[in-house]
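Below, each chain spelled out in residue letters.
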Amino acid sequence: MADIKARVRESLDQLDTELREISLRIHRDPELGDHEYHAYELLSAYLEKKGLKVSRGVVGLETAFMAEYSNGSGRSVGFCSEYDALPGVGHACGHNLIAIQGLACALTMKSLMEQGLVQGRVVLFGTPAEESTSGKINFVKEHVLQNKVDVAMMLHPFAQNSLYSPMLALDSLDVEFFGKESHAGMAPWKGINAVDAVMQGLNNVAMLRQQTLASNRLHGIITHGGEAANVIPAYASVHFYARALTRDQLTGLKPKVENCFKAAALASGCTYKLAWASKGMVEDVFLNETMSAIFKQYMEEEGIVYRSRSEEEKEVSASTDMGNFSYAVPAIHPAYSIHTTAANHTKEFTEAAKTEIAHKDTLRAAQCLILTAVDVMNNDSVYEQVVSDFQKGKTV
């Protein structure tokens, strides 16, 4: 294993400068989900140049890709690159770094295969729109993930190193209210106020929060709130998120959220349309215990100190479509620190994601993820335990 570790470091050292430039190019040119045309072309072309077989525009998504390399029969490992940005704040979730950690892992695994140190297949999934339309769901629904790999892995930058902080299940809801216009000064009683329905719906949700689990999250925005102050608005709409610790808890929460808006429509006299995300929910992350423990060991060897598991588990985190991967194949999604105190989705985190220290943090974590993948691919007993963990199912 010492020889493999040295070869991994050698590969990452050789890739370092190129990966840094790719990261900065993506960071300088933030593109929203499903429109990551420059990042998609940059990553795809680079992987082709490095000798991987690249399939473009896969799973019905214009900016999704899949890059593969195999040296024969054996187990298959999948890594993920994300490359979409956020409106207004750019790469405030560090997807420029997630893009290159995927490259680092895939290309280093290819190098190990070429040297005969690992046998099997590596696949890099280019997964667009993690922040919006959740591109990974397409890979699962079309069974591309399940047919290509035995396990899946990716890293995510945060302020702190973490393995066990819960990643929540999420579904998005669009609600439209339809009322009747009228002059707001001359004859307001002749109107049916769609904004009233929105406000009542939001108030109902606010009261619902008191009677749901503390780990649930309910939040949204008004996407349309009328045209003029002196016209009773005949149309209004909201875009809303509901989150819960598990997909089962979210399934139970969703009808309660629906009822908040249905009741508002009834009380205001409006009609309504209500639609959850057409792809289905983003599932919570079902982390694989064995792979998490192996990754943690390698990170600790690099000097990383983790909080206790109980501390981490108290810290409810965000959501990711990696959760959908994790219920389809054994998976891990470790969080690693990039030397910032800023929270994700802030301008401060955007700045942190382009620093040299964040780049070094990314490659160090990638090294540990690669070594975890090597253990899964080369050690039968490790792989059997990984599968056993997965088959037991998630416990909360």
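Residues numbered from 1 in each chain as written. Predicted model: local features only at pLDDT ≥ 70, side-chain atom pairs only at ≥ 80, totals over all residues. Heavy atoms only, no water.

### Section: the overall build of the chain
Then, in step 1: The secondary structure content of the chain amounts to 13 helices and 12 strands.
Then, in step 2: Taken along its principal axes, the extent of the C-alpha atoms in the chain is 80 × 40 × 40 Å.
Then, in step 3: Out of the 396 residues belonging to the chain, those deemed buried represent 55%.
Then, in step 4: For the chain, the accessible area works out to roughly 16,500 Å², and carbon and sulfur atoms hold 51% of it.
Then, in step 5: Positive and negative side-chain charges in the chain, numbering 37 and 48 respectively, have mean positions lying 2 Å apart. (Helix = DSSP H or I, 4+ residues; strand = E, 2+ residues; numbered from the N terminus. Buried < 20%, exposed > 50% of the residue type's maximum accessible area, 1.4 Å probe, protein only. Areas by Shrake-Rupley, 256 points an atom, 1.4 Å probe, with all protein chains shown as cover. Lys, Arg positive; Asp, Glu negative; His and termini not counted. Charge placed at Lys NZ, Arg CZ, Asp CG, Glu CD.)

### Structural notes on the sheet that holds strand S9 (residues 235-244)
Strand pairs in the sheet, formed through backbone hydrogen bonds, run parallel or antiparallel to each other.
Then, in step 1: Taken together, four strands build an open sheet; the order of strands is S8-S9-S7-S10 and the sheet is antiparallel. Edge positions in the sheet fall to strand S8 (217-224) and strand S10 (271-276), since each of these pairs with one other strand and no more. For this sheet, the mean inter-axis angle between neighbouring strands, taken without regard to orientation, is 20 degrees.
Then, in step 2: Here S8 pairs with S9 via seven bridges, running antiparallel. (Pairing = 2+ DSSP bridges. Axes fitted to C-alpha atoms, helices over the stretch in contact; angles between N-to-C directions.)

### Quick word on the packing of aromatic side chains
Then, in step 1: Scanning all chains against the criterion turns up 10 aromatic pairs.
Then, in step 2: Look at Phe65 and Tyr83: their rings are 5.9 Å apart centre to centre, the planes differ by 15 degrees, and that puts the pair in the stacked class. Placement of the pair is Phe65 in strand S2 (residues 65-70) and Tyr83 in the loop between strand S3 (75-81) and helix H3 (95-114), with a sequence separation of 18 residues.
Then, in step 3: Its relative accessible area of 0% is what places Phe65 among the buried residues.
Then, in step 4: A residue is classified by how much of its surface remains accessible, and Tyr83, at 0% relative accessible area, is buried. (Phe/Tyr/Trp six-rings, centres within 6.5 Å; stacked < 30°, edge-to-face > 60°.)

### Structural notes on the packing of helix H1 (residues 2-28) against H3
Then, in step 1: At a minimum axis distance of 8 Å, the contact between H1 and H3 shows a crossing angle of 145 degrees. Note that H1 runs across H3; the crossing there is right-handed. Between H1 and H3, the residues in contact are Ile4, Arg7, Val8, Ser11, Leu12, Leu15, Leu19, Ile22, Ser23, Ile26 and His27 and Asn96, Leu97, Ala99, Ile100, Leu103, Ala104, Leu107, Thr108, Ser111 and Leu112, respectively.
Then, in step 2: Its residues assigned to classes, the contact of H1 with H3 shows 14 nonpolar, six polar and one charged. (Left-handed = near helix turned anticlockwise from the far one by under 90°. Contact = heavy atoms within 4.5 Å. Nonpolar A, V, L, I, M, F, W, Y, C, P; charged D, E, K, R; others polar.)

### Details of the environment of Arg364
Then, in step 1: Position of Arg364 relative to the elements: it lies in helix H12 (residues 356-378).
Then, in step 2: Here Arg364 falls in the partly exposed class, since its relative accessible area comes to 25%.
Then, in step 3: When the C-alpha atoms of Arg364 and Gln101 are compared, they prove to be 9.6 Å apart, with 263 residues separating the residues in sequence.
Then, in step 4: Side-chain polar atoms of Arg364 contact the side chain of Asp361, separated by 3.1 Å. (Polar contact = N/O pair within 3.5 Å; in protein donor to acceptor, adjacent residues only side chain to side chain.)

### Considering the nonpolar core
Then, in step 1: Formed by 73 residues in total, the largest nonpolar core has its most connected members in Leu47, Val77, Phe79, Leu103, Met109, Met153 and Phe295.
Then, in step 2: For this core, the element with the highest residue contribution is H12, accounting for 12 residues.
Then, in step 3: Residue contacts for Leu103: discarding those within four places in its chain leaves Leu19, Ile22, Leu43, Tyr46, Leu47, Ser81 and Leu124.
Then, in step 4: Within the second largest apolar cluster, 24 residues are counted, among which are Ala169, Leu218, Val257 and Phe261. (Core = buried A, V, L, I, M, F, W, Y, C linked by side-chain atoms within 4.5 Å.)

### Details of the packing of H1 against helix H2 (residues 37-49)
A pair of packed helices is captured by two measures, namely the crossing angle of their axes and the spacing between those axes.
Then, in step 1: Taken N-terminus to C-terminus, the directions of H1 and H2 make an angle of 165 degrees; their axes are 10 Å apart at the nearest point. In terms of axis orientation, H1 runs roughly antiparallel to H2. Relative to H2, H1 is oriented so that their crossing is right-handed. Listed contacts from H2 to Leu15, Glu18, Leu19, Ile22, Arg25 and Ile26 of H1 are Ala39, Leu42, Leu43 and Tyr46.
Then, in step 2: Classifying every residue of the contact of H1 with H2 gives eight nonpolar, no polar and two charged. (Parallel < 35°, antiparallel > 145°, perpendicular 65-115°, else oblique.)

### Some words on unusual backbone geometry
Then, in step 1: One non-glycine residue, Ala129, lies in the positive phi region at around 55 degrees.
Then, in step 2: Positionally, Ala129 belongs in the loop between strand S4 (120-126) and helix H4 (136-141).
Then, in step 3: Residue Ala129 is classed as buried on the basis of its relative accessible area of 0%.
Then, in step 4: Of note, the phi angle at His345 is positive, near 70 degrees, even though the residue is not glycine.

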